[in-house]
Amino acid sequence: MKMLLVAEYRDGKLLGSINELLGFAAGMAAEVAVFLVGKDDTLPKFAGRLYLAEVEKHLEYNPDGHKALLLQAVEKEEPDLIVFSHSSYGWDLAPRLAFALGASQISEVVAVEGGGFIVPACNAKLRRQVKSLTKGTVLTLQVGAFPAADNSDTPPTVVPIDTDAAPLVRFQGYEAAAEGGVDLTKAGVIVSAGRGIGKPENVAIIAALAAALGGEYGASRPVVDAQWVEHNRQVGTTGQSVTPKLYVACGISGAIQHLAGMKKSEFIVAVNTDRDAPIGEIADVLVVADLKQFIPALTEKIRSL
Amino acid sequence: MKILVCMKQVPDMESKFKLSPGALWYDTADLAWRMNEYDEYAVEQAVRLKEQVGSGDITVLSIGPDRIKETMKKALAMGCDRGVQVADDAAMAKDPLAIAGIIAEYARSRDFSCIFTGMQSQDRGSGQVGPLLAEMLGLPCVTTIVDFAYNAGEYLVKRELEGGVRAIVKVKGPAVFTCQLGLNTPRYPTLPNIMKAKKKELLTVPVAELQKLAGQQETTRIFFPEKKGGGLVLEGEIGALADQLIAILKDKTSVLA
Ligand SMILES: Cc1cc2nc3c(=O)[nH]c(=O)nc-3n(C[C@H](O)[C@H](O)[C@H](O)COP(=O)(O)OP(=O)(O)OC[C@H]3O[C@@H](n4cnc5c(N)ncnc54)[C@H](O)[C@@H]3O)c2cc1C
Ligand SMILES: Nc1ncnc2c1ncn2[C@@H]1O[C@H](COP(=O)(O)O)[C@@H](O)[C@H]1O
């Protein structure tokens, strides 16, 4: 089994996600090569060939150029699997490469089983086993699904690559996430509001429980997108990552992008009307109840302790 | 300006799913259906673009069985001008390549200046249809956009990256964009617009006319994730539940000490 792993470079740094890809490859005892548009001062550590293109020339976001570069590496390696992280870089580039190769792409793989790949469906309520019908296959791996490999001490053998393919889009630079306001990462208790709160007025009942517990309130993405709560209180992949002593998820289904920001909390309580909500998978306690009744009752009792 | 929006009808994710082992997917009986959440942002952005340029024509395309027409009517009520249902009872079983291939076949000869899709569908969630479609049509594509501006044939968009950082990208049309949650605030169709939508054109094209590509992957098993156990499930009367939870928090955490 031969794999080509695609490393990512952002804001002048190599991202740690390559170690999960290396861990995935090690788990399958695969022979690996790595592809990177980056710089030779921060290279992934593994024993094998590294196809390296200069980031100054090819930029951090330039999917058409990166696709052309990747095609060169694929031609040289003829890998069985080309593996990306299911990240903003990976899900953008993987389908373009798969199409150019006539290979199938399987997205957000969480496990390998019986010659197929397991992927989540329906907001993690279901799993599918998917098999590729093409010779080569492109995968994106769910972040955190595979253990990171230990870094090897052997440096890779660098194979420089280059292209003059013209970019179709023009990357202008980054804009930082909005900063300031509350720092959730310092809170000992976080009570978060999800779409299940139903209307903006109900943020108050979540905030009241947070105050009674001496903590802060947070939110899932739809509550922030609807502007019921400011962005710096959003928990998840595109918000904050938190590890409080207690996390109370109220009316939150438990999408992977939310879990990524809070699953390392010491104790997790979920309040949800849906007994099958995926948040139940990681909650220490799932209270099956309507939060509009349950949370005020709980707050009242805690206040009078 | 001709605009295309791709829209998928999906089940409400709070549904109690049952499996349909023969079909290797969820059972479609007794489900509530709605517009894929990501596609609501796509429809809204298309309507805003048309409003901005002052003229234009928006086609909303959806592949699926007859029930998808209900959801297509919502897109028409939000402001799309015409609906194209690619009638396909087997759409659920198609992989992203086959779906993108059908859309590309429809779009190829029609000169759309701007194509919107959702960044992913809530049920299948591959996130592939938009970029595949762009590759098939030879168009530039920017995925996961959370900000969109148009000026004289050029688009200035922001892609959302991990941690909420955004990448600013410029692109000349025609182009494909995949829409992320929060891109805009999708409107609720008003009653007069719902009435007007009833008179809008809703064409049906048989899938056989547009399907040129075979799929490249197959689902071989569908199952519920194993319950990892450990977690306690509490049910019952509100007051008693609150007492139980307080007892647990006192026992297992230090937050009530
Ligand atoms: C690239 C990407 C990045 C993302 N980043 C993030 C992120 O950083 N953070 C994030 O949160 N999401 C993020 N998302 C969105 C994520 O996929 C989910 O859509 C989102 O987390 C869902 O939020 P929710 O659980 O509040 O809403 P839903 O999934 O709609 O769930 C609502 C829940 O409330 C329950 N409920 C309804 N009424 C009641 C009631 N009265 N009482 C109790 N329970 C009730 C329902 O049973 C349901 O489980 C991202 C998505 C993508 C694609
Ligand atoms: N059956 C369909 N009909 C029309 N558009 C679709 C269909 N399936 C997927 N799409 C579009 O492709 C996007 C991404 O879907 P997916 O690749 O399945 O995650 C969706 O948000 C839709 O815009």
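Criteria and thresholds
- Residues numbered from 1 in each chain as written.
- Chains lettered and ligands numbered in written order.
- Predicted model: local features only at pLDDT ≥ 70, side-chain atom pairs only at ≥ 80, totals over all residues.
- Heavy atoms only, no water.
- Helix = DSSP H or I, 4+ residues; strand = E, 2+ residues; numbered from the N terminus.
- Buried < 20%, exposed > 50% of the residue type's maximum accessible area, 1.4 Å probe, protein only.
- Contact = heavy atoms within 4.5 Å.
- Areas by Shrake-Rupley, 256 points an atom, 1.4 Å probe, with all protein chains shown as cover.
- Lys, Arg positive; Asp, Glu negative; His and termini not counted.
- Charge placed at Lys NZ, Arg CZ, Asp CG, Glu CD.
- Near = heavy atom within 4 Å.
- Polar contact = N/O pair within 3.5 Å; in protein donor to acceptor, adjacent residues only side chain to side chain.
- Nonpolar A, V, L, I, M, F, W, Y, C, P; charged D, E, K, R; others polar.
- Domains from an automatic or database assignment.
- Buried area = accessible area lost by both parts, 1.4 Å probe.
- Salt bridge = Lys/Arg side-chain N within 4 Å of Asp/Glu carboxyl O.
- Pairing = 2+ DSSP bridges.
- Core = buried A, V, L, I, M, F, W, Y, C linked by side-chain atoms within 4.5 Å.
- Axes fitted to C-alpha atoms, helices over the stretch in contact; angles between N-to-C directions.

What about the overall build of chain B?
On a plain count of helices and strands, chain B comes out with six helices and 15 strands. Based on the C-alpha atoms only, the size of chain B along its principal axes is roughly 65 × 45 × 40 Å. A burial count over chain B gives 55% of its 257 residues as buried. Pairs at least 24 residues apart make up 70% of the contacts formed inside chain B by residues separated by at least 6 positions. Taken as a whole, chain B presents about 10900 Å² of accessible surface, with 52% of it coming from carbon and sulfur. Within chain B, the 32 negative side-chain charges are centred at a point lying 4 Å from the centre of the 32 positive side-chain charges.

Considering the site of ligand 1
In the vicinity of ligand 1 lie 33 residues, with Ser220, Thr238, Ser253, Gln257 and Asn272 of chain A positioned nearest. More than one chain lines the surroundings of ligand 1; the residues nearby belong to chains A and B. His258 of chain A places a polar side-chain atom, nitrogen or oxygen, 2.8 Å from an oxygen atom of ligand 1. A total of 990 Å² of accessible area belongs to ligand 1 in isolation, and the protein chains cover 91% of it. Put simply, the parts of the chain that give the shell around ligand 1 at least two residues each are helix H6 (221-225), helix H7 (256-262) and helix H8 (291-303) of chain A. Counted by class, the shell around ligand 1 contains ten nonpolar, 17 polar and six charged residues.

Side note on the domain arrangement of chain A
Residue and element names in this part refer to chain A. Domains assigned within chain A are domain 1 (2-160) and domain 2 (184-304). Computed over C-alpha atoms only, the centres of domain 1 and domain 2 are separated by 34 Å. Residue-level contacts link five residues of domain 1 with six residues of domain 2. When the area that domain 1 buries against domain 2 is broken down by residue, the three leading residues are Asn123, Lys125 and Gln142, summing to 71%. Where domain 1 touches domain 2, the interface holds one salt bridge. Viewed at the interface, domain 2 and domain 1 are joined by two residue pairs in polar contact (both at pLDDT 80 or more).

Here's the deal with the pairing of strand S18 (residues 285-288) of chain A
The two faces of S18 of chain A match: Val285 and Val287 of chain A on one face and Leu286 and Val288 of chain A on the other face are all buried. Relative to strand S15 (residues 232-234) of chain B, S18 of chain A runs parallel, the two being bridged by three bridges. Bridge pairing in S15 of chain B places Leu286 of chain A opposite Val233 of chain B.

Overview of the site of ligand 2
Residue and element names in this part refer to chain B. The environment of ligand 2 is formed by 18 residues, the closest being Cys6, Asp39, Ser121, Ser126 and Gly127. Contacts to ligand 2 include Gln120, whose backbone N or O atom sits 3.5 Å from an oxygen atom. Burial of ligand 2 by the protein amounts to 98% of the accessible area it has alone, namely 480 Å². Counting only elements with at least two residues in the shell around ligand 2, the list comes to strand S6 (57-64) and strand S8 (114-118). Here the shell around ligand 2 takes three residues from S6, the largest share from any one element.

A short note on the nonpolar core
Counting residues in hydrophobic clusters, the biggest one holds 49 residues, and the most contacted among them are Leu5 and Phe35 of chain A. Non-local contacts of Leu5 of chain A, meaning those with residues more than four positions away in its chain, are made with Ile18, Leu21, Leu22, Ala25, Val32, Ala33, Val34, Phe35 and Val83 of chain A. In this structure, Met7, Met72, Phe116 and Val169 of chain B belong to the second largest nonpolar core, which totals 43 residues.

Details of the sheet that holds S15 of chain B
If you walk across this open sheet you meet the six strands as S15(A)-S14(A)-S16(A)-S17(A)-S18(A)-S15(B), and the pairing is parallel. Looking at the sheet topology across the chains shown, the edges are occupied by strand S15 (216-219) of chain A together with S15 of chain B. Averaged over all pairs of adjacent strands, the angle between strand axes in this sheet comes to 20°, irrespective of strand direction. Where strand S14 (residues 189-193) of chain A meets S15 of chain A, four bridges bridge the pair, whose relative direction is parallel. Note that in S15 of chain A the partner of Ser192 of chain A across the bridge is Gly218 of chain A.

Some details on unusual backbone geometry
Cis geometry is found at the peptide bond from Gly173 of chain B to Pro174 of chain B, where omega equals -5°. Turning to its location among the elements, Pro174 of chain B is positioned in the loop between strand S11 (166-172) and strand S12 (175-179). Positive phi values are uncommon outside glycine, yet Asn123 of chain A reaches one of about 50°. Relative to the helices and strands, Asn123 of chain A resides in the loop between strand S9 (116-121) and strand S10 (126-132). One non-glycine residue, Ala124 of chain A, lies in positive phi territory at about 70°. Tracing the sequence through the fold places Ala124 of chain A in the loop between S9 and S10.

Quick notes on the pattern of salt bridges
All names here are of chain B. Taken as a whole and judged by the stated rule, the model has 43 salt bridges over all chains. The closest approach of N and O atoms between Asp81 and Lys50, which form a salt bridge, is 2.8 Å. Highlighted residues: Asp81 in the loop between helix H2 (68-78) and strand S7 (82-87) and Lys50 in helix H1 (residues 37-53), separated in sequence by 31 residues. A residue is classified by how much of its surface remains accessible, and Asp81, at 22% relative accessible area, is partly exposed. A salt bridge links Asp66 to Lys69; the nearest nitrogen and oxygen atoms lie 3.7 Å apart. A relative accessible area of 53% places Asp66 in the exposed class.

Some words on helix H4 (residues 129-137) of chain B
Residues and elements named next belong to chain B. Of all nine residues making up H4, seven are buried, and the element is well covered by its neighbours. Turning to H4, its buried residues are Gly130, Pro131, Leu132, Leu133, Ala134, Glu135 and Met136. Immediately downstream of H4, the backbone of Gly138 shows phi near 70°, a positive value.

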